[in-house]
Every structure is written in C-alpha cells, then in structure tokens.
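Results of the structural survey
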Amino acid sequence: MIKIILILTLFVISLSANIGLVKTLTGTVNIKRIDKIIPLNIGTSINEGDIILTENNSSIGIVFVDGSRLALGSKSHIRIEKYLFNPKEDKYKFDLNMTKGTAQFESGEFGKKAPESVEFKVPEGIIGIRGTKFYVEIK
Amino acid sequence: MKSFLLALYIFFAFLIFGPIKNKIPKPTPPPLEVPLIKEIKKPKPSPIPKTIAREKASIILGKNDSKKNAIIIVTKVSEISVDVPLTMVKLKEDGKISNPTKISPENLKTRFSKVMNAIPLKAYHVNLFFNQGTQLKEDSQYIMGDIILEMKKREPCILEIKGYSDTFGNYEDNQRISENRALYIKELLQVSNITISSINTAGLGESSLFISTEDEVKEEKNRRVEITIR
C-alpha cells in the first residue's frame, strides 16, 4: 500500500514538473497552487496548473523551459493550463488563460517548432501564434 | 272644522304631487366628455438605445526580430490574422473584433511600460570550438568572459550545454568526446559564483553537424559546444 502511495506521489510530482523560472519581480506576486497561495520570489519555479496573481504596483517576468517569455503587469491573473515541451517525442502544447491585467508574451522554441500548439486565451477569444511577440490588455 | 279641511287639503296635495323628497332634483353627473382629473401626459417612448458591446481586451502585435511574426485571433463569431507589427485589435464582449488600427511605439510604451520592464532578457546562444578533445581554441577562450557576463545579466540563469564532435574517428569515441566537452564547459561555468537555477548537459556526438561533411572528416567547426543561457 505504501509503495502504491509512493508511486502515485512520484507520478503527481512528475506531472507538475518545473516548467519555468521567475526572473524578474517587483511588488507582490503570488501563485495559487492546489488551493494554496504561495508568494513568489526571483528564482522560484513555475509549475503547470499554477495561477499567477499580481497585486497593485507589481510585475513579474518568467522564462519557460523552451525560452518563451511572459511578463505580467499590475493586477493580472493568468493560469498556465498546459505546458508540454518534448522535442524528442515531438509533443507540444502550451495553453495559457488570462482573465485580467496586462501581459507581454514572446514565444521561444514553441514559435519555431510548433506554433500552432500555443493557445493564449483571453476573455471572448483565443490568440494563436506564428512565431511571435504580442501585448494584451484586458479591461 | 277648519282643521279638518286643512288635513283634507294636505291629503289631496300629497296624492297629487307625491312625497316632497322626490321633488328634490338629483345632482346631475358631469358629462362624460369632461374629465374629472386632468389627464397626465405620457412621455413619448424614446427610441430603444442600441447596446454597445463593451471592449474586453486589446491585443497588439509587437516588433520581433524573427521573420515569422503573426498572431491569429479567434472568437466565437469572428477571426482575424495580424502580421503587421504595431497593429492593435480589440475584442468585444459579443465576440466581435474591431478593425485593426495602428499604435505608435510611444503609445505602446506608455501603455505597457510595466511589462516591458519586467520581460526577461532573450536567451543568449554561443558556440565554443575545440582543437581536439577538451582543448578549447584560443578564440573561444576569450569568449568565456562574455559568457560569464551574459550569465550574470540573467541570474538566476538556466544553462543548456550541448557537446558535439566532427566525423573523424569512430562513432563511440566521438560520442564520449562530445559528452566530455559538455561536462568540461559545465565545470568551467559552475565556478563563476553566479546563481545557476539548472544546468542541462548532453553529448550529441556526430549528430547535428555545424558544417555538413562526409564521414572521417576533420572539421574544426564541428568540434564544438553550444551554450544557451536563459
């Protein structure tokens, strides 16, 4: 029984592997990870499923494993819904869901290898990329 | 006798003219066409205002160094492709997309200064070349200083180090040499006192030649290590 629990725990950990790193940060930025609010710092890892929440007068910059870069301004909410970057098996998927605030996104290897696998969701629409850099402001 | 006549007179008068109360004229109701209460004028119904769909998001294509630079925006009712930098479209709550408009670099900077300042630096890529084994060429030794500077700029950094060989010699030896080259550079960079979040090293042997050659060819450009700093 203990072995099964251990295997399941390792499986869950492997599913939520680090996919990005906090490189810049001003003010107060938290992540919501499995119902826990965790304050972010420079050097903190980002996992799939994390919801990033910036407060007033705050910002954050994140580099993902493939080199994609994301910056958020004040009072922004975004969820990293799916991140799969596996060139060896030719498997790619990157889904983000932004509901509030401002953002800058620039694709890394995703933009070169599988741009069609990136979906940046905003209220009322989805932004697809073709190797790109763009800005979003949500009212 | 007089009182008898008076009573008789009253009796006949009653018979002829009836009870006195019937003779009191009833108040006539006011004519129907005259309103009792002054009619309240109903305001004319104003035209129904057209509901204007609120803007939900603004999306702007930025300038990018790469040739590929476009976004495709899809809503439940519309779709648009934007491939001209500094073009803005707005999404509305009804799913409609505004016509593309231009935005000046100054305006973009004003609206997005916070995120522009927060965006991490772009990845730095560099190749180091080897004479043989793990002996770095002189030119590449000079680049090491630049690499440390680039790591410092991106601290805490993510390092990706890939070693390669040329096609001279047997495949297994070249695989081992490529791995040793990657590990050698990893050791050099780890002593720099810069916070490294993660290092990923790999030896790729004769695969992915920088200069395409036949087998058993010495080519200095293929004896290399590729470094990516994020």
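So, here is what we can say about the structure in this document. (Residues numbered from 1 in each chain as written. Chains lettered and ligands numbered in written order. Predicted model: local features only at pLDDT ≥ 70, side-chain atom pairs only at ≥ 80, totals over all residues. Heavy atoms only, no water.)

**Some remarks on the overall build of chain B**
Secondary structure summary: chain B contains 4 helices and 10 strands in total. Along chain B, helices (α) and strands (β) appear in the sequence α-β-β-β-β-β-α-β-β-α-β-α-β-β when read from the amino end. Considering only residue pairs separated by 6 or more positions, chain B has 62% of its internal contacts joining residues 24 or more positions apart. (Helix = DSSP H or I, 4+ residues; strand = E, 2+ residues; numbered from the N terminus. Contact = heavy atoms within 4.5 Å.)

**Overview of the overall build of chain A**
Check the secondary structure of chain A and you find 2 helices and 12 strands. Starting at the N terminus and walking to the C terminus, you meet the elements of chain A as α-β-β-β-β-β-β-β-β-β-α-β-β-β. A buried classification covers 50% of the 139 residues belonging to chain A. Contacts in chain A between residues far apart in sequence, at least 24 positions, make up 50% of those at least 6 positions apart. When the accessible surface of chain A is totalled, it reaches about 6600 Å², and 57% of it is carbon and sulfur. (Buried < 20%, exposed > 50% of the residue type's maximum accessible area, 1.4 Å probe, protein only. Areas by Shrake-Rupley, 256 points an atom, 1.4 Å probe, with all protein chains shown as cover.)

**Digging into helix H3 (residues 138-153) of chain B**
The principal kink in H3 of chain B, of about 30°, is found at Met-144 of chain B. All buried positions along H3 of chain B are accounted for by Ser-140, Met-144, Ile-147, Glu-150 and Met-151 of chain B. (Bend = angle between axes of the 7 residues up to and from the residue.)

**Thoughts on the pairing of strand S10 (residues 224-229) of chain B**
Residues and elements named next belong to chain B. For S10, the buried fraction is high: 5 of the 6 residues fall into the buried class. In this structure, strand S6 (residues 124-132) lies alongside S10, joined through 6 bridges in antiparallel fashion. Counterpart to Asn-127 in the pairing with S10 is Glu-226. Across 5 bridges, strand S8 (residues 157-163) lies against S10 in antiparallel orientation. Bridge assignment links Gly-163 to a residue of S10, and that residue is Val-225. (Pairing = 2+ DSSP bridges.)

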